[in-house]
Amino acid sequence: MWDKLESRLKQRQAQDLMRQRLTLESGQDTEVSIDSSHFINFSSNDYLGLANHPKLIESMVAASKQYGVGSGASHLVVGHSKEHHLLEEELAEFLGTERALLFSSGFMANYGVLTSLFDKKDLLIQDKLNHASLIDGGRASEAKMLRYGHNDLDSLRRQLKHKVESKIVVTDGVFSMDGDLAPLPEIVELAKESQSQLMVDDAHGFGVLGESGRGSLEHFGLAQSQADIYMATLGKSMGGYGAFVAGNNSLIESLIQFARSYIYTTAIPPAVAAVNRASLKLLQDDPELRLKLQHNIRYFKQLAADADLPLMPSDTAIQPLLVGKNDTAVQLSQGLRQRGILVVAIRPPTVPENSARLRITLTASHTKSHIEQLIEAIQAEIQVTQ
Ligand SMILES: *Cc1c(COP(=O)(O)O)cnc(C)c1O
């Protein structure tokens, strides 16, 4: 076993694919401290800048005084607190679904849905670039799984022709490494025509897209009910932790009864649920946060276009800069770091071969000056690596 592990590690190193962790000495914010140096952070999913919001910190302190720090058990034993319960009710009310169910993470939510609801008679049809948790959940599911070309409606149409008892189309709302949106109006139509169900993973859409932050369905003017299964996380735009699935009563009750990643795991701390409730409230009380994010995205795109940077087509907070080669992406990322800018390089297998990229993410808390410094640093570094 050890020889095999060593040789796999060496191989990964040789391909410039070694993953490394950065250790933050500060909170998650637009400026972070690593190894006693300061960086402007363009890699976080904290799109609304809530991870460090004073009101949310206050709510975490108050709730931990009331409920302590740990939940102490799984939801079905004795770990389900009033804070979890109210959060579920408020999420369902916000989205206009019958119910919502809190999971301990987005990975577990997707895995739980795909492994517990479907069997051999079902066919899962997934976008090729769906998040790893959807792909892994699909693989572990008893259902058959097919994948269609990324956002390729013809390819989806072909997969939908398969004659099976039931079909479920599964797509990210916003693709996490590309930042582009799924063409949901067309996908909804195709799913309907073929009597298929639809699951949307809106980890990067919930809270930021749509007039009121309800996510990618709202962005397209679609009713929430168009997604039979809607999933989103609470650790990205919401600044907290956890995830949820929303839909009708049969969906939620089935998950409670059968989803092993729901049943056999400790509930998130009640204080974290309280924080998630407070950020859901903030989201509704302060639409300004979303507007600020939109403004920053537009400003970044305008400066990037002026500088002829090879951005991928995206209007969301995820603005990847396509590089191609793994070593060049790593070099660029390291060069930017020397200039005080933190942008992580994303390489295969997270993205397809030869499409290594810098995954730039913008938040509502970035200032104009942050964005200007980013563009200047990228321009300077591109000249160095050429
Ligand atoms: C982050 C993410 C997840 C996983 O959510 P966690 O709460 O981090 O486990 C699932 N799907 C997508 C599209 C994501 O980006």
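First, a word on what this report is: a plain description of the structure on this page. Predicted model only: the values in this text are computed from it and were never measured.

**Some thoughts on the side chain of Ser314**
Here's step 1: Looking at where Ser314 falls in the secondary structure, it is placed in the loop between helix 13 (288-306) and strand 10 (318-324).
Here's step 2: Residues in contact with Ser314, not counting those within four places in the same chain, are Asp178, Gly179, Asp180, Lys301 and Gln319.

**Quick notes on the packing of aromatic side chains**
Here's step 1: Per the stated rule, a full pass over the model turns up 4 aromatic pairs.
Here's step 2: Summarising the aromatic geometry, the rings of Phe94 and Phe206 are spaced 6.0 Å apart at their centres and angled 80 degrees between planes, so their arrangement reads as edge-to-face. Remark: Phe206 occurs in the loop between strand 7 (197-201) and helix 9 (216-219) and Phe94 occurs in helix 4 (residues 82-95); sequence separation between them is 112 residues.
Here's step 3: Its relative accessible area of 0% is what places Phe206 among the buried residues.

**Things to note about the site of the ligand**
Here's step 1: Around the ligand, the surrounding shell holds 13 residues, and the nearest of these are Gly106, Phe107, Asp201, His204 and Lys236.
Here's step 2: Phe107 places a main-chain nitrogen or oxygen 2.9 Å from an oxygen atom of the ligand.
Here's step 3: Considering the ligand on its own, with 380 Å² of exposed area, one finds that the protein chains cover 83% of that surface.
Here's step 4: Taken together, the residues of the shell around the ligand sort by class into 2 nonpolar, 8 polar and 3 charged.

**Structural notes on the sheet that holds strand 11 (residues 341-342)**
Here's step 1: Taken together, the 3 strands give an open sheet; going across it, the order is 1-2-11, and neighbouring strands pair in mixed fashion. Strand pairing shows two members of the sheet lacking a second neighbour, strand 1 (31-34) and strand 11, which therefore form its edges.
Here's step 2: In this sheet, strand 2 (residues 37-41) lies alongside strand 1 in antiparallel orientation, the contact comprising 4 bridges. For Ser33, the partnering residue across the bridge sits in strand 2 and is His38.

**A short note on the nonpolar core**
Side chains of a nonpolar character, in soluble globular proteins, are inclined to be buried together.
Here's step 1: Among the nonpolar cores identified, the biggest contains 77 residues, and Phe42, Phe206, Tyr230, Phe244 and Leu293 are the most heavily contacted of them.
Here's step 2: Among the elements that line this core, the one with the most residues is helix 13, at 7 residues.
Here's step 3: The next biggest cluster of nonpolar side chains, apart from the first, holds 23 residues, and it includes Ala109, Val113, Leu134 and Tyr262.

Here is what the cut-offs are and how they apply
Residues numbered from 1 in each chain as written. Predicted model: local features only at pLDDT ≥ 70, side-chain atom pairs only at ≥ 80, totals over all residues. Heavy atoms only, no water. Helix = DSSP H or I, 4+ residues; strand = E, 2+ residues; numbered from the N terminus. Contact = heavy atoms within 4.5 Å. Phe/Tyr/Trp six-rings, centres within 6.5 Å; stacked < 30°, edge-to-face > 60°. Buried < 20%, exposed > 50% of the residue type's maximum accessible area, 1.4 Å probe, protein only. Near = heavy atom within 4 Å. Polar contact = N/O pair within 3.5 Å; in protein donor to acceptor, adjacent residues only side chain to side chain. Areas by Shrake-Rupley, 256 points an atom, 1.4 Å probe, with all protein chains shown as cover. Nonpolar A, V, L, I, M, F, W, Y, C, P; charged D, E, K, R; others polar. Pairing = 2+ DSSP bridges. Core = buried A, V, L, I, M, F, W, Y, C linked by side-chain atoms within 4.5 Å.

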